[in-house]
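# Breakdown of the fold
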Amino acid sequence: MNLWYNAVMKTNYQLQTDKFIAALQPDTRPTLLLHSCCGPCSSYVLEYLTQHFDVTVLFYGPNIQPEAEYEKRLFHQREVLRRINAKIMECTYDGAAFESIAAGLETEPEGGARCTRCFLLRLEETAKRAAAAGFDYYCTTLTVSPHKDAERINRIGAEMGEKYGVAWLPSDFKKRGGYLRSIQLAKEYGLYRQDWCGCRFSRRDTLPAQDTPAAST
């Protein structure tokens with residue numbers, strides 16, 4: 001009974017996004033700070049959101065290792081922004097921030113408690129920056145991935161929005177073919193599509209046969 005109830009009551013975040021957008025005043029373009037950590041995931045999300053918002057991308061991925069991989073993903077993020085009209089806010093690479101929150105959780109499976117801390121790290125930083133810069137909303141590209149828990153991401157996003165006083169835009173961007181569209185755009189734009197989230201633990205669990213993260217294409 002509990003399993004059935006939970007399945008029935010699961011939140012449809014795409015419908016929430018629709019309601020937010022429908023409620024926007026005509027002929028207005030609210031500002032939105034969009035957290036991103038790779039070009040391919042941002043491609044569809046930007047194509048979709050820039051129809052309704054004045055979007056700035058916050059490229060923030062302290063979990064990405066090594067730094068050369070971070071720079072590679074940043075390069076391809078810029079490639080997306082050459083084609084889709086949005087601004088970018090870049091962050092200094094800070095791998096130590098991720099190592100700090102991952103301490104003690106090194107043996108956690110992918111998708112477990114370490115990932116929850118990582119979501120919190122990235123979304124809290126985005127909420128802080130969005131509030132400080134006066135953005136109307138903030139959001140993340142993370143929900144476009146079929147490997148990411150949209151329920152968890154939206155819960156953390158809403159909590160951080162409330163904490164810092166900036167509105168969270170709920171999402172589940174993988175819905176309605178969003179993930180497939182991101183793959184199509186990545187091919188069209190010639191983007192590098194990585195095979196793991198970025199951290200050394202994800203690489204360990206998903207790419208055991210490869211010697212270096214930067215080798216993946």
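Our structure is the block above this text.
Residues numbered from 1 in each chain as written. Predicted model: local features only at pLDDT ≥ 70, side-chain atom pairs only at ≥ 80, totals over all residues. Heavy atoms only, no water.

### What to know about the packing of aromatic side chains
A full pass over the atoms with the stated rule returns 8 aromatic pairs. Seen from their ring centres, Tyr44 and Tyr48 are 5.9 Å apart, and the 5° between their planes marks the pair as stacked. Separated by 4 residues within a single helix, Tyr44 and Tyr48 lie in helix α3 (residues 39–49), roughly one turn from each other. Classification of Tyr48 as buried rests on a relative accessible area of 13%. Grouping aromatic residues by their ring pairs yields a cluster made of Phe20, Phe53 and Tyr137. Sitting over the ring of Tyr192, Lys72 keeps its end group 4.0 Å from the ring centre. (Phe/Tyr/Trp six-rings, centres within 6.5 Å; stacked < 30°, edge-to-face > 60°. Helix = DSSP H or I, 4+ residues; strand = E, 2+ residues; numbered from the N terminus. Buried < 20%, exposed > 50% of the residue type's maximum accessible area, 1.4 Å probe, protein only. Lys NZ or Arg CZ within 6 Å of the ring centre and 35° of its normal.)

### Side note on unusual backbone geometry
Gln65 connects to Pro66 through a cis peptide bond whose omega is -5°. A positive phi is found at Arg176, a non-glycine position, where the angle reads about 55°. Note on Arg176: relative accessible area 59%, which makes it exposed.

### A few points about the pairing of strand β4 (residues 137–140)
Side-chain alternation along β4 places Tyr137 and Cys139 on one buried face and Tyr138 and Thr140 on a second face that is also buried. Relative to β4, strand β1 (residues 31–36) is paired through 4 bridges, and the arrangement is parallel. Bridge pairing in β4 links His35 to Thr140. Across 2 bridges, the pairing between β4 and strand β5 (residues 167–168) is parallel. Counterpart to Tyr138 in the pairing with β5 is Trp168. (Pairing = 2+ DSSP bridges.)

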